[in-house]
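Architecture at a glance
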Amino acid sequence: MSNYVIFVGSLRKASTNRQLAEAFIHHLPEGDTAAVFDRLRDVPFYDEDLDVPGQEPEIVRELRAAVRDADGLVIITPEYNHTAPAVITNAIDWCSRPMGSGVLMGKPSLVMGFTPGPRALIGAIAVLREALVTVQAKTVPTDYTWGDAYPLLNGRHPKDVDEVVGILHKAQSELRALVDAAPVAIDPRTGDAAN
Ligand SMILES: Cc1cc2nc3c(=O)[nH]c(=O)nc-3n(C[C@H](O)[C@H](O)[C@H](O)COP(=O)(O)O)c2cc1C
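Here the structure is a predicted model, which means the values were calculated and not measured. (Residues numbered from 1 in each chain as written. Predicted model: local features only at pLDDT ≥ 70, side-chain atom pairs only at ≥ 80, totals over all residues.)

Observations regarding the overall build of the protein chain
Within the protein chain one finds 6 helices and 6 strands. Mapped in sequence order, the helices and strands of the protein chain form the string β-α-β-α-β-α-β-α-β-β-α-α. A compact globule built from 195 residues would reach a C-alpha radius of gyration of about 16 Å, and the protein chain, at 16 Å, matches this within 12%. The C-alpha extent of the protein chain, read off along each of the three principal axes, is 50 × 35 × 25 Å. Within the protein chain, the fraction of its 195 residues that count as buried is 36%. (Helix = DSSP H or I, 4+ residues; strand = E, 2+ residues; numbered from the N terminus. Rg over C-alpha atoms; globule rule 2.2 N^0.38 Å. Buried ≥ 20, exposed ≤ 12 C-beta atoms within 10 Å, placed from the backbone.)

Right under this line is the structure:
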């Protein structure tokens, strides 16, 4: 049994990526669970002056606890200007600290996303992969992204689109394999296992 926390990169109500997160949850294997961290919009911009041990903003504690307590992180996002939306990179920044013991170290991670554009999020994926490698998360190597997503969905919820459901199952099984591999994070200061 695994449990996942999901970051959704689009804040709009009718977000197709939000729907993809719902589909991810709906089609999880029996026994696995996942929940969207619904308050990314309330997380302040990263500020080292706010990141004082024991005095962090309450929402930051909630964010870090949600990631720490999950077996894996799922980022489901559109692309903005060929990069990742700020709510996602901001959350990664908070979760990357304290350096050497951030909650993303060794965390199995999966990136997915829909875009109506033709290029299937290649800019956002590149940026997110670079950030996740930098914080020593363990990232599913396959790009689970869809360009030209609106004709594919054709007004349907993604949980009801067979092509999407098949890909979701593949993505979930790749993520699960990373979780089962019990990744060990390395403390960059000492070179020792951090967990
Ligand atoms: C500021 C902004 C920048 C965007 N840049 C891109 C882009 O670089 N590539 C792309 O494929 N779509 C881009 N889009 C289109 C988004 O993918 C689309 O509006 C939407 O966010 C799709 O996701 P959603 O349905 O989950 O909201 C951009 C949209 C906005 C608002």
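That covers the picture; the talk isn't over yet.
Let's talk about the site of the ligand
Near the ligand there are 15 residues, and of these Ser10, Ser15, Asn17, Pro78 and Gly117 occur at the shortest range. Tallied by class, the residues present in the shell around the ligand amount to 4 nonpolar, 8 polar and 3 charged. (Near = placed C-beta within 6 Å. Nonpolar A, V, L, I, M, F, W, Y, C, P; charged D, E, K, R; others polar.)

A word on unusual backbone geometry
Between Arg97 and the following residue, Pro98, the backbone shows a cis peptide bond with an omega angle of 0°. Within the secondary structure layout, Pro98 lies in the loop between α3 (86–96) and β4 (108–114). For Asp148, which is not glycine, the phi dihedral falls at a positive 45°. Structurally, Asp148 is set in the loop between β6 (144–146) and α5 (149–153).

Brief notes about the UniProt feature "domain: NADPH-dependent FMN reductase-like" (unreviewed entry) in the protein chain
Here, UniProt's "domain: NADPH-dependent FMN reductase-like" (unreviewed entry) annotation points to residues 5–144. End C-alpha to end C-alpha, residues 5–144 measures 17 Å, and it is 34% helix and 16% strand. (UniProt positions renumbered as here; feature names shortened; annotations may be inferred.)

Some remarks on helix α6 (residues 162–180)
Here α6 is 19 residues long and its end C-alpha atoms lie 27 Å apart, about the 27 Å a rise of 1.5 Å per residue gives. Of the residues making up α6, those classed as buried are Val164, Leu168, Ala171, Gln172, Leu175, Arg176 and Leu178. Viewed end-on, α6 has its buried residues packed into an arc of 150°, placing them on one side of the element. Exposed side chains of α6 directed beyond 90 degrees from the buried face belong to Asp162, Glu163, Gly166, Lys170, Ser173, Ala177 and Asp180. Next to the buried residues of α6 lie α1 (16–26), β3 (72–76), β4, β5 (138–139) and β6. (Expected span 1.5 Å × (residues − 1). Arc of directions from axis to C-beta. Contact = placed C-beta atoms within 7 Å.)

Thoughts on the environment of Lys138
Inspection of the secondary structure assignment puts Lys138 in strand β5. A count of 22 C-beta atoms within 10 Å places Lys138 in the buried class. Taking the C-alpha atoms as reference points, Lys138 and Leu104, 34 residues apart in sequence, are found 8.7 Å from one another.

Considering the environment of Lys13
Along the chain, Lys13 falls in the loop between β1 (3–8) and α1. Linking Lys13 and Leu40, residues 27 residues apart in sequence, is a C-alpha distance of 14 Å.

Points about the packing of helix α2 (residues 58–69) against α3
Across the interface, α2 lies against α3 with an axial gap of 10 Å and an inter-helix angle of 80°. Between α2 and α3, the angle is such that the two are roughly perpendicular. Touching Val60, Leu63, Arg64 and Val67 of α2 are Ala91, Trp94 and Cys95, all from α3. Its residues placed into classes, the contact of α2 with α3 shows 6 nonpolar, no polar and 1 charged. (Axes fitted to C-alpha atoms, helices over the stretch in contact; angles between N-to-C directions. Parallel < 35°, antiparallel > 145°, perpendicular 65-115°, else oblique.)

Structural notes on the pairing of β1
Every other side chain in a regular strand lies on the same face of the sheet, so the side chains alternate between the two faces. Where burial is concerned, most of β1 is hidden: 5 out of the 6 residues are buried. Of the crossover connections in this fold, the one passing from β1 over α1 to the parallel strand β2 (residues 33–36) is right-handed. When β1 meets β3, the two strands line up parallel, connected through 5 bridges. Counterpart to Val8 in the pairing with β3 is Ile76. (Right-handed = clockwise from strand over helix to strand, strands pointing away. Pairing = 2+ DSSP bridges.)

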